[in-house]
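Secondary and tertiary structure notes
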Amino acid sequence: MRLFRLLWVFLRVGVMGEAAYPANFLAHLIDSVLELATALAGLALIFAHTSTLAGWRPDELVALVGVYFLVGGVIGLVIQPGMEQLTESVRDGTLDFTLTKPEDAQLLVSVWRVEIWKVVDVGLGLVVLGIGLARLGARVGAAEAAAFAAALVAGGIIVYSFWLILATTAFWLVRVENILVIFQSVYEAGRWPVSIYPGWLRFALTFLVPVAFAITVPAQALAGRLTWPVLGGAALLAAVFFLAARLFWLAGIRHYSGASS
Amino acid sequence: MRGLGDLYLQQLKTGLATMLQYRGSLVIWLIGNVLEPLIYLVVWSTVSRSTGGTVGGYGARDFAAYYIVLMLVNQVTFSWVMYEFDYRIREGTFSADLLHPLHPIHADIAENLSSKAVSLPFMIAAAAGLSVVFHPVFRLSPLAAAAFVPALVLAFLVRFLVDWTVALAAFWTTRVSAINQIHYMAVLFFSGQIAPLAVLPRPLQVAANILPFRWTVGFPVELLLGRVTGPRILAGFAVQGAWLLAGALLVRYVWRASVKRYSAVGA
Amino acid sequence: MGRFHEDSRYTGNVGAEPVIRVRDLKKTYVTSEREPGLRAALASLVRRRKSYVQAVDGISFDLEAGEMVGFLGPNGAGKTTTLKMLSGLLHPTSGEIAVLSFVPARRERAFLRQITLVMGQRNQLVWDIPAADTFELNRAIYRIPAADYRRTLDELVALLEIGPLLGKPVRNLSLGERMKCEIAASLLHRPTVVFLDEPTIGLDVTMQRRIRAFIAEYNRRHGATVLLTSHYMADVEALAKRVLVIHHGRLLFDGELAALVERFTAHKTIAVRLRDCAADLGAYGEVVSCEDGLTTLRVPKAETARVTSRILADLPVIDLTVEDPPIEDVIEQVFTRGAA
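Residues numbered from 1 in each chain as written. Chains lettered and ligands numbered in written order. Predicted model: local features only at pLDDT ≥ 70, side-chain atom pairs only at ≥ 80, totals over all residues.

Brief notes about the overall build of chain C
Each helix and strand in chain C was counted, giving 11 helices and 14 strands. A fraction of 73% describes how many contacts in chain C between residues 6 or more apart in sequence connect residues 24 or more apart. (Helix = DSSP H or I, 4+ residues; strand = E, 2+ residues; numbered from the N terminus. Contact = placed C-beta atoms within 7 Å.)

Some remarks on the sheet that holds strand S12 (residues 286-291) of chain C
Residue and element names in this part refer to chain C. Reading across the sheet, the four strands line up as S12-S13-S11-S14 and stay open at both edges, with antiparallel pairing between neighbours. Each edge of the sheet is formed by a strand with only one pairing partner; in this case those strands are S12 and strand S14 (319-323). Taken pair by pair, the neighbouring strands of this sheet meet at an average axis angle of 20°, ignoring direction. Docked against the sheet, helix H10 (residues 304-314) engages strand S11 (267-273), strand S13 (294-300) and S14, running at close to 170° with respect to S14. (Pairing = 2+ DSSP bridges. Axes fitted to C-alpha atoms, helices over the stretch in contact; angles between N-to-C directions.)

As for the confidence of the model for chain C
All names here are of chain C. Summary statistics for chain C give a mean pLDDT of 84 and a share of 87% for residues scoring 70 or more. Model confidence for chain C, summarised as mean pLDDT per element, is weakest for strand S1 (residues 4-5) at 36 and strongest for helix H3 (residues 109-112) at 95. This stretch, residues 1-14, has a pLDDT under 50; its non-local contacts, to residues over four places away or in other chains, come to 31 contacts. Two summary scores accompany this predicted model of the complex, namely pTM at 0.83 and ipTM at 0.88. (pLDDT = per-residue confidence, 0-100.)

Details of the interface of chain A and chain B
In many reports, interface size means the accessible area that the parts give up when they come together. Taken together, the 26 residues of chain A in the interface contact 26 residues of chain B. When residues of the side of chain A that touches chain B are traced back to their parent elements, those giving at least two are helix H2 (22-47) and helix H8 (177-187) of chain A. Taken together, the residues of the side of chain A that touches chain B break down into 16 nonpolar, seven polar and three charged. (Nonpolar A, V, L, I, M, F, W, Y, C, P; charged D, E, K, R; others polar.)

Let's talk about the pairing of S14(C)
Residues in a regular strand point their side chains to alternate faces of the sheet. All names here are of chain C. In terms of burial, S14 is largely open, as just zero of its five residues are buried. Looking at chain direction, S11 and S14 are connected through five bridges and run antiparallel. Bridge pairing in S14 places Ala 271 opposite Thr 321. (Buried ≥ 20, exposed ≤ 12 C-beta atoms within 10 Å, placed from the backbone.)

Overview of the interface of chain C and chain A
Across the boundary between the two partners, chain C contributes 23 residues, which contact 19 residues of chain A. Looking at the side of chain C that touches chain A, the elements with two or more residues in it are H3, strand S6 (115-119) and helix H4 (131-142) of chain C. The residue inventory of the side of chain C that touches chain A, partitioned by class, reads 12 nonpolar, five polar and six charged.

Shown next as structure tokens:
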């Protein structure tokens, strides 16, 4: 599919861009490992005092941390860099080049930047996920795995659409880089199952900054507590968000091209 | 001394103007500074509720009180010099700063305070909001309130001096991010942010008393909440004073060595 | 002042559909004006004061296949805006545009595959990686078959002499080298219409000449239609027989460069070489300068022959030449008269 072909091309370019800086890779590895250590140490601290956290058991929370790093890694790998580049391109006008290419501009801006060293986060996430799964053992069957995959995909689409909507505001606002930082600040809340938060915060983390769908819901699938309504809701929300993002993007392009005036 | 006062006043004005300019980033930042203690507040309250009792002497509402106060104390004492230094050295703007007659730390302190002058009202409002939601329980005593202010001032100074010294690492290595990350972890664990220190296992508590981080955030918080009493308060002040001295000496000597290195390497 | 139109059919393809067709094109920008200060900022939330900028004010022209045309005008004249409308980046406020029978604003894939846009002040090359990698990106985006890509790349590399530059990260290249790679990147898909927006801006004279030579050669070999904007006269002189002069969004002149000079100059320049500068030639015409015996005189066009013969008769002339005034002066004339 066209998406994957282009993603592959930009990925190769991303690798080559970073290959000049091997020291960076080590630095990022250290950073990510330290971050992971902090997260796991936090868990250890908590489970020294209790055996469950809002009904979540230690191995389930370990799996959740794994999802947190995995999804965070994917976001940092291709979604975030692309959207940051987009806001810059709108500002300095290099978006013009993208708009004269015979390819859907939204597709191009979604895959055009790959921060390759973020695969470290993805890798660490998978490792931790593996550890959590191993401890969860037989309780994760084919149904749970399928639900997990579906929830992950739905969550990914929601997160992507959210980022695109945020970045598209650059067509109207001038200084927008800071808006993207909102997601990073709020994402941290996703290291814990969203159900522990009071209602209003849970709502914000589900529908305003969709952290719940990105992390908690897939983790719920692994823990075997994902219900059909929630998974269905996630899929529905994914479709709605994606469509909304697409329409907003098209409106942004029209505005940029002075079509509305 | 007049020069110092002028500097601080000037910096306050420009800092305020800059902050108003970058309103957007300010709001984003504030969200982050509220969210982090909030997350731990919720986590630990949940833990204490699931045990049905207290954790380390803290019940759910005690955790609420702790983290709300922590949020404010952290806001007053924190700094971002590590990131600034890295930028300054890479961009080469430090050469200009070195020519100033005043020690550059003063400009940084002034900048720090001026930005907080703007953000603090919002944080206090956030604290009030969180209090409404989480029903914290405060056991304030006039002694605690009186001792809190000097403890806070000392905490700010100790934290700033330590942060500034760590920031100087930028002169010595390009692996600044790893150092910053380790520093951040140490702050997280030993200043009472990831959990009140009473909740930590014993060895970590001992380490926390030796390292400066407890004295930069945790101590004033615990003091205000009445968890440090009597002679312990005085002992705490003593340790803060010791770290203040140590910090000042560190800044002095590491700074000198760093400048020498910077000039040798070529500005 | 009215518009000056010359008959403009140079490729002899009379009767064929022009590659670019522009009729009464207009573009108005709407901006909200606001004074600085907090009070004004708050006021603007309530009442938006709009101001209209007429960037392009009704221009019309045709371009035939293979023509190379220069779009000349000072900054803010509307050249870039017109170019953006031709490439589909901007929607016109009114008027018609057809490029290769497409409406550019629709940005159809088939249209975009046949055009290219090069902007002198901006790069499409990815900064941290060698230019060759950006070429690969474009190859994937334009879906260029491997054999065609090889052939086109080899030709561009040879013509632009960028072989040794391809492996270097773009940020390590000089401005001129970057521009050459930029041009190569934009031609990989063999577009039939090439839009160049100030391609030589900021480059040194040698590089400017090289790039002009390349563009001329490319046009000759491939018959691509080239529209070039510039505020450098030298670009237009070297490349375009036909020039469109635009100012304040209006087309002031459309025709051969020579005709432009012819119509707009009232003077000629006579350069007289004598032994020294002792003699004052003020009687013959306006003395512009005198250096090392070379006197430069400005005389009204009609007087040229008469003054020349008088000088030759009266003075011990070592050498004498009659020249058109520098083109810049001519253009100045066009602008000042056109603005009136």
